[in-house]
Amino acid sequence: MDHPLVLGIETSCDDTACAVLDGAGRVLSSVVSSQLAAHRPYGGVVPEIASREHLANWPRVSAEALERAGVAIQDVEVVAATRGPGLVGALLVGLSIGKAIAFAGARPFHAVHHLEGHLYSPFLRPPGDPEPPGPIPSRFVGLVLSGGHSSLFAVEEGAVSTLGETRDDAIGEVFDKVGKRLGLPYPQGPRVDELAERGVPGAHRFPVSRSGDTLDFSYSGLKSQALLEIERLERSLGPIDLGAGGEPPQAALDLLAAFRESAVGQVLDRLDRLHQRRPFSLLAVSGGAAANRLLRRLLPGWAAGHEVDLRMVPLVYSGDNAAMIANAALLRHRRGLADDPFAAEAESRIPL
Ligand code: KG4
Ligand code: ZN
């Protein structure tokens, strides 16, 4: 086992996660406990419930992560926890636990930016893979698509700069909102994606939003158009409730297919325009919405057509997890960085 052993903690939203990585970046264990059942009755994440659930879940989640990795807490040499962005009450649980473990064991501590975790996650290997990941390339473009962010980053020699950002709704968020309007239970994104597979997009036309000359992402226009179309459909079909079971109307499936095509089309549009402005040769795609089926089908062709190497995050790490947090901390540790556990604070919004 390569040293140092890194313990990662992630509690920024509704997943309680703990992971152990060795010093070569192998994932020895990655445990994610979802709080779906607790939030489902409310149709979305309730911050207060998320914090309480993190506290209740942590003993079991951490014990399982240590056991699967075959290590004891005393063996951990570096401790990392997410400091934000996210729900402050939820972040505070994991961050406080991480600070306490680091302080009690006099271990180096890293307060990790959640997006930095996602950004490098395409380079992780699946849990238990004996092969260590290769070194992280020094230059690449990172595309992070999640419930809170749709972002393009340039990574150059460890320095990260933002090329395009979320203007309004993030891509995952707009999948969730459109699905919620159709009666789907939280989280709606994966279910909308699944249903869109059965639709024919041609029946509706949702244009791809441009954000002027910038590479920023904007999904609020698409959201409004989709909601208007749902209203129009309901005027002819009556109320649509895709959560009620039964066969969904084909017209609703077609609408979702067109919505998804436009949402993914915007991602390809930004990549096209970025590549025209400043050609790049490596693209690393991550975040919960990177699990989108259409995106995963279209990106390899886009990359091949532009002579770009594509690294898609392994599906096990697309959603929130602690392996990506431990991994980002390991990269920082190798560069000689560390944070003062007493100074680290949870923050709901912080730029990368
Ligand atoms: O990265 P993540 O787990 O949490 C955040 O940091 O936000 O991303 C969760 C988001 C949710 O909005 C979820 O609906 C969306 O990713 N998502 C998807 C798919 N799977 C998850 N969106 C579109 N298609 C999917 N297959
Ligand atoms: Zn995330």
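Residues numbered from 1 in each chain as written. Chains lettered and ligands numbered in written order. Predicted model: local features only at pLDDT ≥ 70, side-chain atom pairs only at ≥ 80, totals over all residues. Heavy atoms only, no water.

1. Some words on the overall build of the protein chain
Piece 1. Across its full length, the protein chain carries ten helices and ten strands.
Piece 2. Taking 352 residues into account, the globule formula puts the C-alpha radius of gyration at 20 Å, and the protein chain, at 20 Å, falls close to it.
Piece 3. In terms of its C-alpha atoms, the protein chain occupies a principal-axis envelope of roughly 65 × 45 × 35 Å.
Piece 4. As displayed, the protein chain has an accessible area near 14,800 Å², and 53% of this comes from carbon and sulfur atoms. (Helix = DSSP H or I, 4+ residues; strand = E, 2+ residues; numbered from the N terminus. Rg over C-alpha atoms; globule rule 2.2 N^0.38 Å. Areas by Shrake-Rupley, 256 points an atom, 1.4 Å probe, with all protein chains shown as cover.)

2. Side note on the state of the cysteines
Piece 1. On inspection of all chains with the given rule, the structure shows zero disulfides.
Piece 2. Among the cysteines around Cys 13, which has no disulfide bond, Cys 18 carries the closest sulfur, lying 18 Å off.
Piece 3. Classification of Cys 13 as partly exposed rests on a relative accessible area of 23%. (Disulfide = S-S within 2.5 Å. Buried < 20%, exposed > 50% of the residue type's maximum accessible area, 1.4 Å probe, protein only.)

3. Regarding the pattern of salt bridges
Piece 1. Counted under the stated rule, the structure contains 25 salt bridges.
Piece 2. Notably, a salt bridge pairs Glu 231 with Arg 235, separated by 4.0 Å at the nearest N-O pair. Placement of both Glu 231 and Arg 235 in helix α7 (residues 220-237) is noted, with a separation of four residues, approximately one turn of the helix.
Piece 3. A residue is classified by how much of its surface remains accessible, and Arg 235, at 64% relative accessible area, is exposed. (Salt bridge = Lys/Arg side-chain N within 4 Å of Asp/Glu carboxyl O.)

4. Quick look at the coordination of the zinc ion (ligand 2)
Piece 1. Protein coordination at the zinc ion (ligand 2) comes from His 114 (NE2), His 118 (NE2) and Asp 320 (OD), with a distance range of 2.1 Å.
Piece 2. The coordination sphere of the zinc ion (ligand 2) comprises four donor atoms, whose angles at the metal cover 94 to 142°; the geometry is irregular.
Piece 3. His 114 sits in the buried class, given a relative accessible area of 6%. (Donors = N, O, S within 2.8 Å, 3.2 Å for Na, K, Ca; no water. Tetrahedral: all angles 85-135°; square planar, octahedral: opposite > 155°, others 65-115°.)

5. Some remarks on the sheet that holds strand β9 (residues 282-286)
Piece 1. Taken in spatial order, the five strands make up an open sheet running β8-β7-β6-β9-β10, and their pairing is mixed. Two strands lie at the open edges of the sheet, namely β8 (159-164) and β10 (309-312), each paired on one side alone. On average, each strand axis in the sheet is inclined to that of its neighbour by 25°, with strand direction left out of account.
Piece 2. Where β9 and β10 come together, four bridges link them in parallel fashion. Bridging from a neighbouring strand, Ala 284 pairs with Arg 311 of β10.
Piece 3. Running over the sheet, helix α9 (residues 293-305) touches β6 (139-145), β9 and β10 and is turned about 160° from β10. (Pairing = 2+ DSSP bridges. Axes fitted to C-alpha atoms, helices over the stretch in contact; angles between N-to-C directions. Contact = heavy atoms within 4.5 Å.)

6. Here we look at the site of ligand 1
Piece 1. In the vicinity of ligand 1 there are 20 residues, among which Gly 147, Asp 176, Asp 193, Gly 288 and Asn 292 approach most closely.
Piece 2. The separation between a nitrogen atom of ligand 1 and a polar side-chain atom of Asp 193 is 2.9 Å.
Piece 3. Taking Asn 292, its side chain carries an N or O atom lying 3.0 Å from a nitrogen atom of ligand 1.
Piece 4. In isolation ligand 1 exposes 550 Å². Once the protein is present, 85% of that is buried.
Piece 5. Elements supplying a minimum of two residues to the shell around ligand 1: α4 (114-120), α5 (171-181) and α6 (188-196).
Piece 6. If one sorts the elements of the shell around ligand 1 by residue count, α5 sits on top with four residues. (Near = heavy atom within 4 Å. Polar contact = N/O pair within 3.5 Å; in protein donor to acceptor, adjacent residues only side chain to side chain.)

7. Considering the side chain of Ser 318
Piece 1. Considering the arrangement of structural elements, one finds Ser 318 in the loop between β10 and α10 (323-334).
Piece 2. A distance of 3.1 Å separates a polar side-chain atom of Ser 318 from the backbone oxygen of Leu 315.

8. Quick notes on the environment of Gly 43
Piece 1. With respect to the helices, strands and loops of the structure, Gly 43 is situated in the loop between α1 (36-39) and α2 (47-69).
Piece 2. Between the alpha carbons of Gly 43 and Leu 184 there is a distance of 8.5 Å; along the sequence they are 141 residues apart.
Piece 3. Those residues in contact with Gly 43, other than ones at most four positions away along the chain, are Lys 180, Tyr 186 and Gln 188.

9. Focus on the nonpolar core
Piece 1. By size, the foremost hydrophobic cluster in this structure holds 66 residues, and its most contacted members are Leu 143, Phe 259, Val 267, Leu 271 and Leu 283.
Piece 2. Ranked by residue count, the leading element in this core is helix α8 (residues 250-277), at twelve residues.
Piece 3. Beyond its immediate chain neighbours, meaning those up to four positions away, Leu 283 contacts Val 141, Leu 143, Leu 271, Leu 299, Trp 302, Val 308, Asp 309, Leu 310 and Arg 311. (Core = buried A, V, L, I, M, F, W, Y, C linked by side-chain atoms within 4.5 Å.)

10. Some remarks on the sheet that holds strand β5 (residues 109-113)
Piece 1. What the five strands build is an open sheet, ordered β3-β2-β1-β4-β5; its pairing is mixed. The open sheet has two edge strands with one neighbour each: β3 (27-34) and β5. The average undirected angle you get between the axes of adjacent strands in this sheet is 15°.
Piece 2. Where strand β1 (residues 6-10) lies against strand β2 (residues 15-21), five bridges are found, and the strand directions are antiparallel. Looking at the pairing, Glu 10 lines up with Ala 17 of β2.
Piece 3. Contacting β1, β2, β3, β4 (78-84) and β5, α10 crosses the sheet at an angle of about 130° to β1.

As far as function goes, none of this settles anything; it's purely spatial.
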